[in-house]
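What the coordinates show
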Amino acid sequence: MIKSKKFIAIILVFAFVFGVFLINEYSLITADKIAIVVGLGIDKVEDEYLLSAQVVIPPSATKQENDKTNNTLLFSKGKTVAETVDKLFLGTGWYPKLNFCNIIVMSEEVAKEGVLNSLEYFLRSEKVMDSCILLIAKDCLSSTLLKASTPLDNVSSYTLQKILFEEGIQTSVIQTNIKDFYERILSGYVSNVVPTGSILEKSVDASEKDTQSALLGQYDLFDLTTSAIFNADKLQGFLDKNDTRVYNLVAEKSVETTLEFTDFNTDLNKDITYSLQIIKENKKIDYSLKNNVPTMTIDLEYKVKMIDSSYLEDEERANVVSLPLDQELLNSGEEKITKKFEHLFATIKNLNCDIFGVGKKLNAYSHKTWDEYINYDTFYNYPSKIDYQINLTLTTLKEDKP
Amino acid sequence: MKNLYSNITNRQLFLYFALVCPAIKMFILPASFTYYAGNDGYLGVIFQCVVDLLVFLSIYYFIKNANANFFDTLCSILSKPVAKFIYFFYAIFFAIKCFIPLFESILLCHEVLYESSHSFMYFIPIFLVLFYASLTGFNGLFRVVEIVYPFVLIASFGLAFLSFPSANFENLLPVMQFGANPILLSVGRHLGWFGDFAVLLLLTDNVDLKEKGANKIILGYALGCFSIILFFVCAIAIFGATTNTQLFMLSKISKYSVVFSDLGRIDFIFIAILFLATMIYCLIACSSSVKCLHVIFKVDAKLLALIVVGALLIGSMIFVHKPFSIFSFIEDYSLYIFLPLQYILPLLLPVFLAIGKEKRKGKLENAIGKDNKEINTQREIKTLSLEGKKEACK
């Protein structure tokens, strides 16, 4: 009797669970109805947001001729970003899968107005990864960047991600994701640095249609080596290529960074060009309130190696294994890099941005003194009062010594 | 309910406190806790763990010295109706204890794992399991802990391994910027997520807490505390000022790992295992609630299980689309719901023992006094009758 009761109970439970699955309401959308969004662009047109979504459709398994991933750019307009996302797919009937969206491009105008206005949707939504990187489109619309295609990738957002994430070129570009951007704003101290993207002018004349170089010229190449700086969520200005690299020397690891120097005047009155690669770094950064002035002291010691130069004559070059690096060149290098640092410091002070997070460090490590110092009425002006000091030493590896 | 009274080994309790209890604190708690305590949230957890340990020592003293179980002790000290009244509140208390992690798991599924909102019907099998588990008793449930612990251990290490590289521990500074008040406020509002030792009150008959056993439990709880403090530290170090906006921390803490760029979200395997640990916690809490009702009403356990699970099901269905209203209710009334049953009563147990001893002593003395009186009167009667007999003879 008991056994038969148990059997009936099991059958009932099984029937219930099976029945639930037969309702066909799994909330799982089949692959042929999902539009995989890999990149989003946000522009402002006539007081409305213009959203550009780069959507990829995986190639069919049976398709032989063109096995490249298909990608399409869809557009929609709306008063809010959430509205644009809704509108975008109402017209196509495809469900927007935003989990794979790893890059959001914004135009300068949107950034000047305040990035949080348009980012809020992505911060609140569980559907978008907040590890998705931010990029500011410089001198062009964000959709222009997404439309571009490089010689190796026809999906521009993949190329942009590769540039921003690839080891080896990281010292020339900045990486900022939504989470970090938001965290810095909420922490109240650190200004944000976000990479900017633009399309390089085509170096090859496209009229030469028969040559291979002309074929390459049909594609676009990106330049992501500059960056934009923000106070809170509003764009304040830009850092040029040199400033961006110098910022990375302090904020990130600088090993394997190559520094180029030009116009070094030798005794023979001959201008030479040379490149040094950082092999080893010794970095010490100190934050203090000296004489009631927030001070950031950077002590940098780089071991460098010459990797290229116009120093040697051709016949001399053939006889050396390693390019010599003398003290004069090192001293000149130190001077030139220090000037680059000073240029960066002047720029960020003028723009009233604390991109190195001096305020946050002082608040964290010497909270009491910082609390006494900071005037909350003029809180956002403290970055312009920061004093930056740089002590740079370049040394060479033993084998490179003359 | 016969299985409810089977023995539970100290090893099972060790694993329960070390691996199952921390899992329920990894969903909404970090965000909610840091909303009040800021980057000092982990200090609040440390404080809470210390208080819980004191509760354990009190319960341990009770189990070691008491001759009766928790209910009988309450009956002897406070009378049976009062004891039943307290047990009724314990039944509600354990039902809420079950509801919190269960509802959090449902929400996580709802918000994170599914693309669009779906029918609540899919969660009903969980309630069927809850119903079944409420009838099987503690012994079976604690044995499940033993079965799943290697997986939970691997999952915990896996998550830690994936999370650590993205942590910036400077986010923990400055320590106690706004003093102790925000931390204490946060502690006071989140009592429902702690107080794991309350379940031991119902297991006084089932556990054998000799010295080594107590040490094992303390070690297990210390390990659990360590893992949850580490989780909080990691969460604050990764998310900094945005920690309070990261609602489902369990699914977010490891997502910045570079491993995912090549392998995809493998952390969801670990998250699923920790889900399992959370479910075990819910099953034990639900069983505790049913046991409390069974002690009071002495009716068929199936009926009681049906009532408890039904209440949980209805509660989940009502609040699934407005989850924050129920969480703010639990937080607002945290001191009234959890403080008396989770802390005050267990901490009073040694006092109850002392009162019980006094009462017993008094009864014994009375009993001895009565016996002596009877003997004396019998003696007097005997001497009187002897004297009467002597006089009659004369």
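Structure's up top.
From a predicted model like this one, the values you see are computed outputs, not experimental measurements. (Residues numbered from 1 in each chain as written. Chains lettered and ligands numbered in written order. Predicted model: local features only at pLDDT ≥ 70, side-chain atom pairs only at ≥ 80, totals over all residues. Heavy atoms only, no water.)

Along the backbone of chain A there are 13 helices and 14 strands. Taken across its 402 residues, chain A has 46% of its residues classed as buried. The long-range fraction of contacts in chain A, counting pairs at least 24 apart against all pairs at least 6 apart in sequence, stands at 69%. Here chain A displays about 21200 Å² of accessible surface, and carbon together with sulfur accounts for 52% of that area. (Helix = DSSP H or I, 4+ residues; strand = E, 2+ residues; numbered from the N terminus. Buried < 20%, exposed > 50% of the residue type's maximum accessible area, 1.4 Å probe, protein only. Contact = heavy atoms within 4.5 Å. Areas by Shrake-Rupley, 256 points an atom, 1.4 Å probe, with all protein chains shown as cover.)

Further remarks concern the packing of aromatic side chains. Two aromatic rings, taken as a pair, are described by how far apart their centres are and by the angle between their planes. Scanning the entire structure with this criterion turns up 38 aromatic pairs over all chains. Centre to centre, the rings of Tyr 247 of chain A and Phe 356 of chain A are 5.4 Å apart; their planes meet at 35 degrees, and the pair counts as tilted. Here Tyr 247 of chain A is found in helix α9 (residues 241-251), whereas its partner Phe 356 of chain A is found in the loop between α11 (327-350) and α12 (358-365), with 109 residues between them in sequence. For the residue pair Tyr 247 of chain A and Phe 356 of chain A, the accessibility class agrees, reading buried in each case. Here Phe 33 of chain B and Phe 232 of chain B contribute two aromatic rings whose centre-to-centre distance is 5.7 Å and whose plane-to-plane angle is 90 degrees, an arrangement assigned as edge-to-face. Within this pair, whereas Phe 33 of chain B is found in helix α2 (residues 29-37), its partner Phe 232 of chain B is found in helix α9 (residues 211-239), the two being separated by 199 residues in sequence. Accessibility assignment for this pair places Phe 33 of chain B and Phe 232 of chain B in one class, buried. Ring pairs connect the aromatic residues Tyr 16, Phe 17, Phe 56, Tyr 60, Phe 142, Phe 197, Tyr 221 and Tyr 281 of chain B, which therefore count as one cluster. The ring of Phe 239 of chain B has Lys 179 of chain A sitting right over it, with the charged end atom 5.6 Å from the ring centre. (Phe/Tyr/Trp six-rings, centres within 6.5 Å; stacked < 30°, edge-to-face > 60°. Lys NZ or Arg CZ within 6 Å of the ring centre and 35° of its normal.)

Residue and element names in this part refer to chain A. With respect to burial, helix α7 (residues 178-187) is a largely interior element, 7 of its 10 residues being buried. The set of residues buried in α7 consists of Ile 178, Lys 179, Phe 181, Tyr 182, Glu 183, Ile 185 and Ser 187. At the N-terminal boundary of α7, the capping side chain belongs to Asn 177, with an oxygen 3.3 Å from the backbone nitrogen of Lys 179. Phi turns positive, to about 85 degrees, at Gly 188, one or two residues after α7. (Polar contact = N/O pair within 3.5 Å; in protein donor to acceptor, adjacent residues only side chain to side chain.)

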